[in-house]
Amino acid sequence: MKKYDYLVVGAGLYGAVFAHEAKAAGKRVLVIDKRDTIAGNVYTEKIEGINVHKYGAHIFHTNNQEVWNFVNRFATFNRFTNSPVANYHGELYSLPFNMYTFNKMWGVVTPEEAAAKIEEQRKAAGITEPKNLEEQAISLVGTDIYEKLIRGYTQKQWGRPCRELPAFIIRRLPVRLTFDNNYFNALYQGIPVGGYTKMVENMLEGIEVELGVDYLSDKQRFDELAKKVIYTGPIDAYFGYSLGTLEYRSVRFENELLDKPNFQGNAAVNYTDSDTPWTRIIEHKWFEFGRDEEGNELPKTVISKEYSSEWKPGDEPYYPVNDEKNGELYARYKKLTESESNVKFGGRLGEYKYYDMDAVIASALAYCKEEL
Ligand code: UDP
């Protein structure tokens, strides 16, 4: 008789959602994580009244009613709308690409003028079927915007030339012929009041959680505890990298607490030139309008400079590099999972997928329906 029905490896969103649903279905669940904190990469830590997104900015957005209803059971969401500013050598542009961006870039005033300008640049570049990120970007927004707002940023973020990156990455970004600065097309958007950590804590309420323990280094002992394992760590690490390592991009954050109320006037400023070494600066207080939960204005500010780097074993993996080579390697690892019938691989690392938060939750909920 095993002590638990489920051992959940990883206390991030996938693991927390599964654990919550399993407990609600009357199952015995143990959640473990090798970090000393819950919430995976959505972890937030309060510094001087500011919820600092320790593993990078997370802005919740979704079109999925079921997911939206689900998360609202664990947190109240504020009305934050993501509208990053792009800084290209001190020239500021509005993101995502919209009429404000086109007006600043070309002086165009109407949507027709903007569309004509994009079409003219697309034609001049001679692209019909975009085969990579560069061609996709130029065919969406033209060469000027590609040069100033996409090329430098993307090459810094991915450490690869835009011609070697898949087109789908840039299709995440909306292009609009309207004056709409909302980065996301989603119906629902916001930041959980009190931070993501509190939201995940609420999901894990009443569930046994063991932190600071490494599943893979004591796998046999952990496996004996439960009938089934929900594994949300890197899939290649699970198999001891036996087929080679899947590539990730990692991110390094330089956090600073500044003794002033306002550093950049926006939550996110992207540095889109290739000379600035960081990709963007996040000023966390603006996710909550510069105020604490009681509504008081905060006198200080915390900023994070984000530096992107190639992942190597021992680093934190952030972004799966979903190109052809890694896709093939992932498919081979996926094949290996077939002989692990007692293990479910889930989440951004378990499925090697550039998942947004809402998609991770949707996929966990779908699995719960099937499994529980
Ligand atoms: N991107 C860009 N310029 C920007 C912001 C984004 O070229 O100022 C491109 C870049 O290739 C990036 C992709 O759009 O990888 C997706 O950006 P997103 O902001 O969705 O990435 P995330 O927020 O997940 O880091």
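Residues numbered from 1 in each chain as written. Predicted model: local features only at pLDDT ≥ 70, side-chain atom pairs only at ≥ 80, totals over all residues. Heavy atoms only, no water.

**Student:** Tell me what's going on with empty space enclosed by the protein, and back it up with residues and numbers.
**Tutor:** All told, the structure shown has two cavities of 30 Å³ or more when counted by the stated rule. Here the largest cavity is characterised by a volume of approximately 50 Å³. Taken together, Y153, Q157, V251, T279, R280, E306, Y307, S308 and Y319 form the lining of the largest cavity. Element by element, the count of residues in the lining of the largest cavity is highest for strand β14 (residues 301–310), at three residues. Taken together, the residues of the lining of the largest cavity sort by class into four nonpolar, three polar and two charged. By volume, the second largest cavity is sized at about 40 Å³. Every residue lining the second largest cavity is listed: W158, L165, P166, F168, I169, P320, V321, N322, D323 and Y354. Class assignment for the residues of the lining of the second largest cavity results in eight nonpolar, one polar and one charged. (1 Å grid on protein atoms, 1.4 Å probe; cavity = no way out; pocket = protein on both sides within 12 Å on 5 of 7 lines; lining within 4 Å. Points joined across faces, edges and corners; volume = space filled by probe spheres on them. Helix = DSSP H or I, 4+ residues; strand = E, 2+ residues; numbered from the N terminus. Nonpolar A, V, L, I, M, F, W, Y, C, P; charged D, E, K, R; others polar.)

**Student:** Give me the site of the ligand: which residues, what numbers.
**Tutor:** Surrounding the ligand, one finds 17 residues, the nearest of these being T154, W158, Y183, Y319 and Y354. Within the side chain of Q157, an N or O atom sits 3.2 Å from an oxygen atom of the ligand. One of the side-chain N or O atoms of Y319 is found 2.7 Å from an oxygen atom in the ligand. Elements that contribute at least two residues to the shell around the ligand include exactly α6 (143–158) and α7 (168–171). Per-element accounting of the shell around the ligand gives the leading share, six residues, to α6. (Near = heavy atom within 4 Å. Polar contact = N/O pair within 3.5 Å; in protein donor to acceptor, adjacent residues only side chain to side chain.)

**Student:** How would you sum up the environment of L365? Please name residues and give values.
**Tutor:** Among the structural elements, L365 can be located in helix α13 (residues 357–371). Distance in space between the C-alpha atoms of L365 and W158 is 30 Å, their sequence separation being 207 residues. Sequence-distant contacts of L365, defined by excluding residues within four places in its chain, comprise V17, E21, E66 and F70. (Contact = heavy atoms within 4.5 Å.)

**Student:** Give me the lowdown on the layout of surface pockets, citing residues and values where you can.
**Tutor:** Of the pockets and cavities examined, the second largest pocket occupies roughly 200 Å³. As for the second largest pocket, its lining consists of 14 residues, and the residues nearest its centre are K334, T337, V343, K344 and F345. Mapped by element, the contributors of at least two residues to the lining of the second largest pocket are α11 (324–337), β16 (343–345) and α13. Taken together, the residues of the lining of the second largest pocket break down into five nonpolar, three polar and six charged.

**Student:** Explain α13 residue by residue, including any values.
**Tutor:** Between its first and last C-alpha atoms α13 spans 21 Å; for 15 residues at 1.5 Å apiece the expected length is 21 Å, and the two agree. Three or more residues of α13 are buried, namely M357, D358, V360, I361, S363, A364, L365, Y367 and C368. Looking at the buried positions of α13, the neighbouring elements they touch are α1 (13–24), β5 (60–62), α2 (65–71), α8 (196–203), β10 (226–231) and β16. (Expected span 1.5 Å × (residues − 1). Buried < 20%, exposed > 50% of the residue type's maximum accessible area, 1.4 Å probe, protein only.)

**Student:** I'd like a description of the side chain of T301, backed by residues and values.
**Tutor:** Considering the arrangement of structural elements, one finds T301 in strand β14. T301 sits in the buried class, given a relative accessible area of 0%. Side chain to side chain, T301 and E283 meet in a polar contact 2.6 Å long. In contact with T301, not counting residues within four places along its chain, are I50, E256, L257, L258, K260, P261, F263, E283 and K285.

**Student:** Any details on the packing of aromatic side chains? Residues and values, ideally.
**Tutor:** All told, the structure shown has 29 aromatic pairs when counted by the stated rule. Here the aromatic rings of Y100 and F179 are separated by 4.9 Å at their centres, their planes lie at 75 degrees, and the arrangement is edge-to-face. Remark: F179 occurs in the loop between α7 and β8 (188–190) and Y100 occurs in helix α3 (residues 99–106); sequence separation between them is 79 residues. Between F239 and Y333 the ring centres are 6.0 Å apart and the planes differ by 20 degrees, which places this aromatic pair in the stacked class. One end of the pair, F239, is in the loop between α10 (235–238) and β11 (248–258); the other, Y333, is in helix α11, and 94 residues separate them in sequence. (Phe/Tyr/Trp six-rings, centres within 6.5 Å; stacked < 30°, edge-to-face > 60°.)

**Student:** Mind laying out the environment of W68, listing which residues take part and the relevant values?
**Tutor:** Along the chain, W68 turns up in helix α2. For W68, a relative accessible area of 13% translates into the label buried. When near neighbours in sequence (up to four residues on either side) are disregarded, W68 contacts F60, T62, F77, Y188 and Q189.

**Student:** Can you lay out the sheet that holds strand β2 (residues 29–33) for me, pointing to particular residues and giving the numbers?
**Tutor:** A sheet is described by the order of its strands in space; here five strands give the open sequence β9-β2-β1-β10-β16, paired in parallel fashion. Each edge of the open sheet carries a strand with a single partner, namely β9 (208–211) and β16. Strand-to-strand twist of the sheet, defined as the mean angle between neighbouring strand axes without regard to direction, takes the value 20 degrees. With four bridges joining them, β2 and β9 adopt parallel strand pairing. (Pairing = 2+ DSSP bridges. Axes fitted to C-alpha atoms, helices over the stretch in contact; angles between N-to-C directions.)

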